[in-house]
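# Commentary on secondary and tertiary structure
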Amino acid sequence: MNKSSHISNGSNEEKMLQYVRQELTPEERHAFEKEMLEDPFLDDAAEGLSGVSNTANIAHMIQELNEDLKKNLQKKKTQARHRKFQTPPFFFITIAIVLLLIILLILFFSRS
Amino acid sequence: MSFQQRHMDEQELLDLYKSTKHKDYLGTLLQSYTLMLFGVGMKYLKNEEAAKDAVQQTFEKVLTEFDKHEVTYFKAWLYTTMKNHCLMILRKKGVDTTPYEQYHDYRQYHEEDEQLWEKERDLDLLQEALEELKSLQQDCIRYFYLEKRSYAEIAEMMQLSLKEVKSHIQNGKRNLKIIIERKQNHE
């Protein structure tokens, strides 16, 4: 996943984790909650993350999910490459039918 | 990263994906939302393993079905996809999901908010509207928006739970908008 890594959401993620771990200053906390009120996605996410029993594990779980995503993407790429170079079965069927027709035609004309 | 900047980067990645069909671009977009998706999963499913599974299933859904949809606003679409997936899991378990099935249109959300706080500049009108709110909503709104206090501080001061504080602020904000609109139409 080397393309366009510039969208990395590191600072936002860090802020969210700090919010959940209650590490933000009262001003920062207020500003983050104001943002939550304007963004249902952020609001749901913060509420959900606050329910994680051991917040120290969150970063590790996210890393695992991202690793799985990378593997999944790699797998899809390999599958696509295989599909590209694999001769489709209908190709052989078509060749067989054409050859059969040619043989039949030769037989037909040679008899007549 | 500001909302605008982030939105532009997302748009660039979306355009790149649409023109090249390289799934790495979608992957980059998804990766920037893993934490938020996991949070949404936790909110609805209340279980870490179930939330992780739901995130992985949503990733797969996006990677395989993205091309079938006309997506212009990725963040909103991704949120809806994840939320709907979680609600579907809950429905399969026989859980009533009606309270969660509120549709949020992001553009409408932001416009509404901007409109409300544009009106906030008319302080007299805001003051009058505030006084018409129910007492708890009024106090929560005052503490949050005017005194810039956090949910936790307000909860402690008012002896309420965090959920109650959030709910009073959300409902108060909605009611404030209705009252201000009504007052402006009367003028």
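Residues numbered from 1 in each chain as written. Chains lettered and ligands numbered in written order. Predicted model: local features only at pLDDT ≥ 70, side-chain atom pairs only at ≥ 80, totals over all residues. Heavy atoms only, no water.

What follows concerns the overall build of chain A. Each helix and strand in chain A was counted, giving 5 helices and 0 strands. Traced from its N-terminal end to its C-terminal end, chain A shows the element sequence α-α-α-α-α. The buried share among the 112 residues of chain A stands at 30%. Sequence separation of 24 or more characterises 42% of the internal contacts of chain A that already satisfy a separation of 6 or more. Accessible surface for chain A amounts to roughly 7400 Å². Of this, 59% is attributable to carbon and sulfur atoms. (Helix = DSSP H or I, 4+ residues; strand = E, 2+ residues; numbered from the N terminus. Buried < 20%, exposed > 50% of the residue type's maximum accessible area, 1.4 Å probe, protein only. Contact = heavy atoms within 4.5 Å. Areas by Shrake-Rupley, 256 points an atom, 1.4 Å probe, with all protein chains shown as cover.)

The next thing to look at is the pattern of salt bridges. Per the counting criterion, the structure on display carries 18 salt bridges over all chains. Overlapping salt bridges, with partners in common, bring together Asp43(A), Asp44(A), Glu47(A), Lys43(B), Lys163(B) and Lys166(B) in one network. (Salt bridge = Lys/Arg side-chain N within 4 Å of Asp/Glu carboxyl O.)

Attention shifts here to the interface of chain A and chain B. Each side of the interface is counted separately: chain A has 50 residues, and chain B has 57 residues. Interface area for chain A against chain B, summed over the two sides, is near 4900 Å², with a carbon-plus-sulfur share of 63%. Put simply, chain A and chain B have 9 salt bridges between them. Between Asp43(A) and Lys166(B) there is a salt bridge, with its nearest N and O atoms 3.0 Å apart. Elements that contribute at least two residues to the side of chain A that touches chain B include exactly helix 1 (10-20), helix 2 (26-38), helix 3 (40-49) and helix 4 (58-85) of chain A. In terms of residue count, helix 4 of chain A provides more of the side of chain A that touches chain B than any other element does, 13 residues in total. Partitioning the side of chain A that touches chain B into residue classes produces 20 nonpolar, 15 polar and 15 charged. (Buried area = accessible area lost by both parts, 1.4 Å probe. Nonpolar A, V, L, I, M, F, W, Y, C, P; charged D, E, K, R; others polar.)

Take the confidence of the model for chain B next. Residue and element names in this part refer to chain B. When the pLDDT values of chain B are averaged, the result is 84; 84% of them are 70 or greater. Taken element by element, chain B is modelled with least confidence in helix 6 (residues 106-120), mean pLDDT 51, and with most confidence in helix 3 (residues 34-45), mean pLDDT 96. Note on residues 1-5: pLDDT is under 50 here. Beyond four places in sequence and across chains, it has 9 contacts. Interface confidence for the predicted complex, expressed as ipTM, amounts to 0.78; the pTM equals 0.76. (pLDDT = per-residue confidence, 0-100.)

Okay, helix 2 (residues 23-31) of chain B next. Helix 2 of chain B sits mainly inside the fold: 7 of its 9 residues count as buried. Along helix 2 of chain B, the positions that sit buried rather than exposed are Asp24(B), Tyr25(B), Leu26(B), Gly27(B), Thr28(B), Leu29(B) and Leu30(B).

Moving on, we get to a nonpolar patch on the surface. On the surface, Phe90(A), Phe91(A), Phe92(A), Ile95(A), Val98(A), Leu99(A), Ile102(A) and Ile106(A) cluster together into a nonpolar patch covering about 810 Å² of accessible area. Within the secondary structure, Ile106(A) is located in helix 5 (residues 89-111). (Patch = residues over 30% accessible without salt bridge, like charges linked within 9 Å, V, L, I, M, F, W, Y side chains within 5 Å.)

Positive phi, normally seen in glycine, also occurs at Gln22(A), with a value near 60 degrees. Turning to its location among the elements, Gln22(A) is positioned in the loop between helix 1 and helix 2. Not every positive phi belongs to a glycine, and Lys46(B) is a case in point at roughly 55 degrees. Relative to the elements of secondary structure, Lys46(B) occurs in the loop between helix 3 and helix 4 (48-65). Judged by its relative accessible area of 54%, Lys46(B) is exposed.

To continue, consider the environment of Glu14(A). Topologically, Glu14(A) is positioned in helix 1. Residue Glu14(A) is classed as partly exposed on the basis of its relative accessible area of 37%.

A few words on the side chain of Lys75(B). Mapped onto the elements of the fold, Lys75(B) is located in helix 5 (residues 74-92). The exposure class assigned to Lys75(B) is buried, which follows from its relative accessible area of 7%. Looking at Lys75(B), its side chain comes within polar contact range of the side chain of Asp39(A), at 2.5 Å. (Polar contact = N/O pair within 3.5 Å; in protein donor to acceptor, adjacent residues only side chain to side chain.)

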